[in-house]
Amino acid sequence: MQQYVEFAGNHPILVVIWIGLLLAIIVSYIQAMFSKLQFVTPTELTLLVNREDALVLDIRSNDDFKRGHITGARNIPLAQLSGQIDSLEKAKDAPIIVVCQAGMSAQGAAKQLSAAGFSRVAVLTGGMGKWAEASLPVVKK
């Protein structure tokens, strides 16, 4: 125990950084536990599409979408989403999986959809990067 105290005394900046990172991880974990958003893996996405006819909503730019996207995905870039939420009205009670490149901006889009009354919104964990990493098929148009 004495060694830890001595280390903390000799390296206060490292200790503060370590404590900050630990707190950030704890806060992130707690937020995820109480979040209304669901997160799905590529395998779960495939099951939702096949079993429940889920809508895959790709919020990347049109150019990124054309370079490769999940089969059957619908592209509405994030900047245009708020103006086009009405076009998704048919899928209000169906599962909607929001996809971006890394899974981060999709969370904001999923929150927008949830606030607009969509009941079954999920985010693809890791986005298209995780999809490609799993060697799952992409359509290029």
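Structural data are supplied above this passage.
Basis of the calculations
Residues numbered from 1 in each chain as written. Predicted model: local features only at pLDDT ≥ 70, side-chain atom pairs only at ≥ 80, totals over all residues. Heavy atoms only, no water. Helix = DSSP H or I, 4+ residues; strand = E, 2+ residues; numbered from the N terminus. Buried < 20%, exposed > 50% of the residue type's maximum accessible area, 1.4 Å probe, protein only. Contact = heavy atoms within 4.5 Å. Core = buried A, V, L, I, M, F, W, Y, C linked by side-chain atoms within 4.5 Å. Phe/Tyr/Trp six-rings, centres within 6.5 Å; stacked < 30°, edge-to-face > 60°. Lys NZ or Arg CZ within 6 Å of the ring centre and 35° of its normal. Salt bridge = Lys/Arg side-chain N within 4 Å of Asp/Glu carboxyl O. Arc of directions from axis to C-beta.

**As for the environment of Leu124**
And step 1. Relative to the helices and strands, Leu124 is located in strand 5 (residues 121-124).
And step 2. On the basis of relative accessibility, which here comes to 0%, the residue Leu124 falls in the buried class.
And step 3. Spatially, the C-alpha atom of Leu124 lies 10 Å from that of Leu57, the residues being 67 residues apart in sequence.
And step 4. With residues near it in sequence (within four places) discarded, Leu124 still touches Val40, Thr41, Pro42, Leu45, Ile70, Ile97, Val98, Val99, Gly103 and Trp131.

**Remarks on the nonpolar core**
And step 1. Core analysis: the largest hydrophobic core is formed by 19 residues, its most contacted members being Leu57, Leu88, Ile96, Val98 and Leu113.
And step 2. Secondary structure elements with two or more residues in this core: strand 2 (55-58), strand 4 (96-99), helix 6 (105-115) and strand 5.
And step 3. By residue number, the principal contributor to this core is helix 6, which donates 4 residues.
And step 4. Residue contacts for Leu88: discarding those within four places in its chain leaves Leu55, Leu57, Arg74, Ile76, Leu81, Leu113 and Phe118.
And step 5. Within the second largest apolar cluster, 14 residues are counted, among which are Val99, Ala122, Leu124 and Met128.

**Notes on the packing of aromatic side chains**
And step 1. What the rule picks out here adds up to 0 aromatic pairs.
And step 2. In this structure, Lys92 packs its charged tip against the face of Phe118, placed 5.3 Å from the ring centre.

**Structural notes on the pattern of salt bridges**
Between side chains of opposite charge, a pair can form when the charged atoms approach closely.
And step 1. Scanning all chains against the criterion turns up 5 salt bridges.
And step 2. Among the salt bridges present, the one from Asp58 reaches Arg60, with a minimum N-O distance of 2.8 Å.
And step 3. The salt bridge involving Glu133 is made with Lys130; its shortest N-O contact spans 3.8 Å. Linking Glu133 with Lys130, this pair stays in helix 7 (residues 127-133), spanning 3 residues, or about one helical turn.
And step 4. Residue Glu133 is classed as exposed on the basis of its relative accessible area of 62%.
And step 5. Of the residues examined, Lys130 reaches a relative accessible area of 37% and is grouped as partly exposed.

**Brief notes about helix 6**
And step 1. Listed as buried for helix 6 are Ala106, Ala109, Ala110 and Leu113. Seen end-on, helix 6 carries its buried residues on one side only, within an arc spanning 100°. Exposed positions of helix 6 whose direction lies more than 90 degrees from the buried face are Lys111 and Ala115.
And step 2. Of the surrounding secondary structure, the elements contacted by the buried residues of helix 6 are strand 2, helix 5 (78-84), strand 4 and strand 5.
And step 3. Looking at the residues trailing helix 6, positive phi occurs at Gly117, about 105°.

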